Amino acid sequence: MKISQLSKITGASIRSIRHYEATNLLTASRLKNGFREFDEASIERIKTIKTYLNLGLTTKQIEKTLKCTDGYYKDEAEKVCREMIQMYEEMLLEVNRKMNALAVVKQEMEDQVRQMKDSLYS
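Residues numbered from 1 in each chain as written. Predicted model: local features only at pLDDT ≥ 70, side-chain atom pairs only at ≥ 80, totals over all residues. Heavy atoms only, no water.

1. Topic: the overall build of the chain
Of regular secondary structure, the chain possesses 5 helices and 2 strands. Taken over C-alpha atoms, the radius of gyration comes to 22 Å for the chain, far larger than the 14 Å a tight globule of 122 residues would show. Counting only C-alpha atoms and orienting by the principal axes, one finds that the chain spans roughly 80 × 40 × 20 Å. The 122 residues of the chain split such that 25% are buried. A separation threshold of at least 6 residues defines the contact pool for the chain, and within that pool the share at least 24 residues apart is 44%. Entry remark: accessible area of the chain is about 9,200 Å², with carbon and sulfur atoms responsible for 55%. Taking the 21 positively charged and 18 negatively charged side chains of the chain as two groups, their mean positions are separated by 8 Å. (Helix = DSSP H or I, 4+ residues; strand = E, 2+ residues; numbered from the N terminus. Rg over C-alpha atoms; globule rule 2.2 N^0.38 Å. Buried < 20%, exposed > 50% of the residue type's maximum accessible area, 1.4 Å probe, protein only. Contact = heavy atoms within 4.5 Å. Areas by Shrake-Rupley, 256 points an atom, 1.4 Å probe, with all protein chains shown as cover. Lys, Arg positive; Asp, Glu negative; His and termini not counted. Charge placed at Lys NZ, Arg CZ, Asp CG, Glu CD.)

2. Digging into the confidence of the model for the chain
Per-residue confidence for the chain averages 91 on the pLDDT scale, and 98% of its residues sit at or above 70. Element-level pLDDT for the chain is lowest in helix H4 (residues 59-69), with a mean of 87, against a maximum mean of 96 in helix H1 (residues 3-10). (pLDDT = per-residue confidence, 0-100.)

3. Here's the deal with the packing of aromatic side chains
On inspection of all chains with the given rule, the structure shows 1 aromatic pair. When the centroid spacing of 6.3 Å and the interplanar angle of 45° are considered together, the rings of tyrosine 52 and tyrosine 88 count as tilted. Here tyrosine 52, found in helix H3 (residues 41-54), pairs with tyrosine 88, found in helix H5 (residues 77-121); they are 36 residues apart in sequence, far enough to count as distant. A residue is classified by how much of its surface remains accessible, and tyrosine 52, at 15% relative accessible area, is buried. (Phe/Tyr/Trp six-rings, centres within 6.5 Å; stacked < 30°, edge-to-face > 60°.)

4. Focus: the state of the cysteines
Enumeration over the complete set of coordinates arrives at 1 disulfide. What pairs with cysteine 68 in a disulfide is cysteine 81, and their sulfur atoms sit 1.7 Å apart. Here cysteine 81 lies in helix H5 and cysteine 68 lies in helix H4, a separation of 13 residues in the sequence. Under the relative-accessibility criterion, cysteine 81 is labelled buried at 15%. (Disulfide = S-S within 2.5 Å.)

5. Observations regarding the nonpolar core
In this structure, Leu6, Ile17, Tyr20, Leu26, Phe38, Ile46 and Ile62 are the most contacted members of the largest nonpolar core, which totals 18 residues. Secondary structure elements with two or more residues in this core: H1, helix H2 (14-22), H3, H4 and H5. The element that contributes the greatest number of residues to this core is H3, accounting for 4 residues. The residues touching tyrosine 20, leaving out its near neighbours within four places in the chain, are Ala12, Leu25, Leu26, Ile46, Ile49, Lys50 and Leu53. (Core = buried A, V, L, I, M, F, W, Y, C linked by side-chain atoms within 4.5 Å.)

6. Overview of a nonpolar patch on the surface
Residues Leu92, Val95 and Met99 make up a contiguous nonpolar surface patch of about 290 Å² in total accessible area. For leucine 92, a relative accessible area of 51% corresponds to the exposed category. (Patch = residues over 30% accessible without salt bridge, like charges linked within 9 Å, V, L, I, M, F, W, Y side chains within 5 Å. Salt bridge = Lys/Arg side-chain N within 4 Å of Asp/Glu carboxyl O.)

7. Considering H4
Listed as buried for H4 are Ile62, Glu63, Thr65, Leu66 and Cys68. One or two steps after H4, the chain reaches glycine 71, where phi turns positive at roughly 75°.

Written out as structure tokens, the structure reads:
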């Protein structure tokens, strides 16, 4: 499929798709006229890339993650994949810290609202 079709199906801009290709996150074959041609697997690949971007990964981290999950690394697989797992675990710890901090803020706000209502309606 052409890049415009892939863009329409995935919601990724043509510019983003070109960037994904330039950063080795996505591959395309070239037609005789030089146009890119993407296969059906590109749809899922872009969805995966977008998920990783939403998780806060850089394109370099996404490239390593995809290579790890694609079985790209042969001799280095264990080392590289362990590094990626460690990175994810660190990110998860940070998310949990932020969630705990937000839970405290939420409770304080609820307490403040309750106090204000009590003083207003008493």
